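Structural description and commentary
Below are the chains, spelled out letter by letter.
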Amino acid sequence: MYKIKTILKPIRIPEDIINDIEREAEKKGTDFSKEVVYRLRHYKHPLTPFIVIKIQNIVNRACAIAMRYSPEIIKELQRDVNDLWKYLK
């Protein structure tokens, strides 16, 4: 298995941000470092309300189309989008 090289860098982070990251990491069942790395990797593309609405609208349209042809597909689409929301939370 490929392992990414990591480097220890001391930085100063405001206490309120430390608390937010620790709470979020605990909710996700991960650790502080992994949560910080996740945030650093995704800082350019935050999940804004506009993006959430856009994604949900796309799924709603797909469900409307699928309803005509295959109601079973709707269950799959809804499950997939619910999994996505859980992941992005």
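Conventions and cut-offs
Residues numbered from 1 in each chain as written. Predicted model: local features only at pLDDT ≥ 70, side-chain atom pairs only at ≥ 80, totals over all residues. Heavy atoms only, no water. 1 Å grid on protein atoms, 1.4 Å probe; cavity = no way out; pocket = protein on both sides within 12 Å on 5 of 7 lines; lining within 4 Å. Points joined across faces, edges and corners; volume = space filled by probe spheres on them. Helix = DSSP H or I, 4+ residues; strand = E, 2+ residues; numbered from the N terminus. Nonpolar A, V, L, I, M, F, W, Y, C, P; charged D, E, K, R; others polar. pLDDT = per-residue confidence, 0-100. Salt bridge = Lys/Arg side-chain N within 4 Å of Asp/Glu carboxyl O. Buried < 20%, exposed > 50% of the residue type's maximum accessible area, 1.4 Å probe, protein only. Patch = residues over 30% accessible without salt bridge, like charges linked within 9 Å, V, L, I, M, F, W, Y side chains within 5 Å. Areas by Shrake-Rupley, 256 points an atom, 1.4 Å probe, with all protein chains shown as cover. Core = buried A, V, L, I, M, F, W, Y, C linked by side-chain atoms within 4.5 Å.

**A short note on the layout of surface pockets**
In this structure, the largest pocket spans a volume of roughly 390 Å³. Lining the largest pocket are 14 residues, with Lys9, Ile11, Phe32, Val36 and Leu40 sitting closest to its centre. At the level of secondary structure, the elements contributing two or more residues to the lining of the largest pocket comprise helix 1 (15-28) and helix 2 (32-41). Top element by residues in the lining of the largest pocket is helix 2. It accounts for six residues. Among the residues forming the lining of the largest pocket, the class breakdown is 10 nonpolar, two polar and two charged.

**Some points on the confidence of the model for the chain**
For the chain, the mean per-residue pLDDT works out to 85, and 97% of the residues sit at or above 70. At the low end of the mean pLDDT range in the chain sits helix 4 (residues 71-88), at 80; at the high end sits helix 1, at 94.

**A closer look at the pattern of salt bridges**
Per the stated rule, a full pass over the model turns up five salt bridges. Salt-bridge contacts for Asp20 lead to Arg23; the nearest nitrogen and oxygen are separated by 2.5 Å. Of this pair, Asp20 and Arg23 both sit in helix 1, three residues apart, which is roughly one turn of the helix. The exposure class assigned to Asp20 is partly exposed, which follows from its relative accessible area of 35%. Ionic pairing is found between Lys28 and Glu35, a salt bridge with its closest N-O pair at 3.2 Å. Through salt bridges with shared partners, a single network forms among Lys28, Glu35 and Arg39.

**Description of a nonpolar patch on the surface**
Taken together, the side chains of Leu47, Phe50 and Ile51 make up a nonpolar region of the molecular surface, amounting to roughly 290 Å² of accessible area. Of the residues examined, Ile51 reaches a relative accessible area of 33% and is grouped as partly exposed.

**Description of the environment of Val59**
Topologically, Val59 is positioned in helix 3 (residues 49-69). Considering only alpha carbons, one finds Val59 and Asp80, 21 residues apart in sequence, at a separation of 9.6 Å.

**What about the environment of Leu84?**
Note that Leu84 resides in helix 4. Residue Leu84 is classed as partly exposed on the basis of its relative accessible area, which comes to 31%. Along the primary structure Leu84 and Ile55 are separated by 29 residues, whereas in three dimensions their C-alpha atoms are 9.9 Å apart.

**Brief notes about the nonpolar core**
By size, the foremost hydrophobic cluster in this structure holds five residues: Val59, Cys63, Ala66, Ile74 and Val81. Listed by contribution, the elements that provide at least two residues to this core are helix 3 and helix 4. Take this core: its biggest share by element is three residues, from helix 3.

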